[in-house]
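Chain and residue survey
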Amino acid sequence: MCIDAHIDERPTVDLKRLPSPDDLLILLTVARLGRFNAVAETLGTTHTTISRRILALDKQLGGRTLERSPHGWELTELGSQAVVAAEAIEGTLGALSGRIARGEDVLSGLVRISTPDGFGAEFVAPALVRLQQEHPLLNVEMLSATRKVSQNRSGVDLEVVVGNLEVSNAQTIFLSNYFLRLYASPQYADEHGLPETLDDVRRHGFVSYVESALQVAELGHRSTQLPMPRSSFQATSIFAQLEAVRRAAGIGLLPNFLVVGKPGFVPVLPDDFQRQLPIWAVARAESLRSAPVQAVLAAVRAEIAERQDVLAG
């Protein structure tokens, strides 16, 4: 009886020459967050360790995987190829951990998202809480930031921003429109009356963002073409502005989704003034390929869809 001596002719793999899976996953995190400090915080290590592991990966691969740009760390062509392998490793490990944990696929890891504080509290936080309840292994960090989209690598997986966009190095996803309108408190209306025309605003107190610290011009008083008010109360927090209007500091330029249907506010010149602004989600392509980031984005969009009447009210 002849036994074939070539039963398995697959070449053997020299494991010592393969890049470290851990280092590949670190590179993937750098690609998503763009800053070594943010990666170190996410992975519970140090900036020095991240730098050292990237250098070790570069040596193993025989070239640089990252290069500096005006916007932060960017992938080289070699780095992009390495990230494809890293995403495959991440997907395989995620599926395995899911089967071990529940016998089914689950989301895990950390997602960092920045969002304006009012929209974040009203829409993003409920969406993330519900998502986390469905996937207990998922961790989230929500940073409050009312700003333009970052042209640098921002250190977050997903940015929610307001206003017109100028983005060249990320993908944008339209979420919704909402309105800014003028409101006052019943107490203020009783004590000072309400303007009958837009020009009458000059005789009233006005509540809005701190103009000198405002990155999104469309949110401030100066961009409204309303006359200069008698006095102003400016705050960087929209919740401080809401409280100031509620306590009769003046007429406020407020997001309708934080005011409609709530006691303590009366509309001012509703037929004469309103401002519509778009809300966007912005992320790098590497982040959008992450299953947890996709799930977070879907959860936020679902929350918006369910409560579209509040945004358009």
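Heads up: the structure comes first, above all this text.
Residues numbered from 1 in each chain as written. Predicted model: local features only at pLDDT ≥ 70, side-chain atom pairs only at ≥ 80, totals over all residues. Heavy atoms only, no water.

1. Section: the side chain of His135
Mapped onto the elements of the fold, His135 is located in the loop between α5 (117–134) and β4 (138–144). Not counting residues within four places of it along the chain, the set of residues in contact with His135 comprises Val106 and Leu107. (Helix = DSSP H or I, 4+ residues; strand = E, 2+ residues; numbered from the N terminus. Contact = heavy atoms within 4.5 Å.)

2. Looking at the packing of helix α1 (residues 21–33) against helix α3 (residues 47–61)
Relative to each other, α1 and α3 sit at 115 degrees, their axes nearing to 9 Å. The way α1 lies across α3 gives a crossing that is left-handed. Facing α1, whose interface residues are Asp23, Leu24, Ile26, Leu27 and Val30, α3 presents Ile50, Arg53, Ile54, Ala56 and Leu57. Here the contact of α1 with α3 is built from residues that sort into eight nonpolar, no polar and two charged. (Axes fitted to C-alpha atoms, helices over the stretch in contact; angles between N-to-C directions. Left-handed = near helix turned anticlockwise from the far one by under 90°. Nonpolar A, V, L, I, M, F, W, Y, C, P; charged D, E, K, R; others polar.)

3. Overview of the pattern of salt bridges
When their charged atoms lie close together, side chains carrying opposite charge are able to pair. Here the structure, examined in full by the defined rule, presents eleven salt bridges. Note that Arg53 and Asp23 form a salt bridge whose closest N and O atoms lie 2.7 Å from each other. Taken together, the residues Arg53 in helix α3 and Asp23 in helix α1 connect sequence positions 30 residues apart. Classification of Arg53 as partly exposed rests on a relative accessible area of 24%. The exposure class assigned to Asp23 is buried, which follows from its relative accessible area of 4%. (Salt bridge = Lys/Arg side-chain N within 4 Å of Asp/Glu carboxyl O. Buried < 20%, exposed > 50% of the residue type's maximum accessible area, 1.4 Å probe, protein only.)

4. A look at the side chain of Ser185
Position of Ser185 relative to the elements: it lies in the loop between β6 (171–184) and α6 (186–192). At 3.5 Å, the side chain of Ser185 forms a polar contact with the backbone oxygen of Val245. Beyond its immediate stretch of four places on either side in the chain, Ser185 contacts Val245, Arg246, Ala248, Gly264 and Val266. (Polar contact = N/O pair within 3.5 Å; in protein donor to acceptor, adjacent residues only side chain to side chain.)

5. Quick look at the packing of helix α2 (residues 36–43) against α3
At a minimum axis separation of 8 Å, α2 and α3 run at an interaxial angle of 105 degrees. Classified by the interaxial angle, the pair formed by α2 and α3 is roughly perpendicular. Only His47, Ile50, Ser51 and Ile54 of α3 make contact with α2, whose side of the interface consists of Phe36, Asn37, Val39, Ala40 and Leu43. Class assignment of the residues belonging to the contact of α2 with α3 gives a composition of six nonpolar, three polar and no charged. (Parallel < 35°, antiparallel > 145°, perpendicular 65-115°, else oblique.)

6. Details of unusual backbone geometry
Phi is positive for Gln225, close to 65 degrees, though the residue is something other than glycine. Mapped onto the elements, Gln225 comes out in the loop between β7 (205–208) and β8 (231–234). Positive phi outside glycine occurs at Leu269, with the angle close to 45 degrees. Note on placement: Leu269 falls in the loop between β10 (266–267) and β11 (275–283). Classification of Leu269 by relative accessible area gives buried; the value is 10%.

7. What about the nonpolar core?
Most often, soluble globular proteins keep nonpolar side chains buried together rather than apart. With 57 residues, the main nonpolar core has Phe119, Tyr178 and Leu219 as its most contacted residues. The contact partners of Leu219, leaving out residues within four places of it in the chain, are Thr146, Val162, Tyr178, Leu180, Tyr209, Leu214, Leu253 and Leu277. Ranked by size, the runner-up nonpolar core spans 20 residues in total, among them Leu27, Ile54, Leu66 and Trp73. (Core = buried A, V, L, I, M, F, W, Y, C linked by side-chain atoms within 4.5 Å.)

8. Let's talk about the pairing of β6
The element β6 is extensively covered by neighbouring structure, given that ten of its 14 residues are classed as buried. Alignment of β6 against β11, held across nine bridges, turns out to be antiparallel. Within the sheet, the bridge partner assigned to Phe179 lies in β11 and is Gln276. Note: β6 against strand β9 (residues 251–255), four bridges, orientation antiparallel. From the neighbouring strand, Leu180 faces β9, where its bridge partner is Pro255. (Pairing = 2+ DSSP bridges.)

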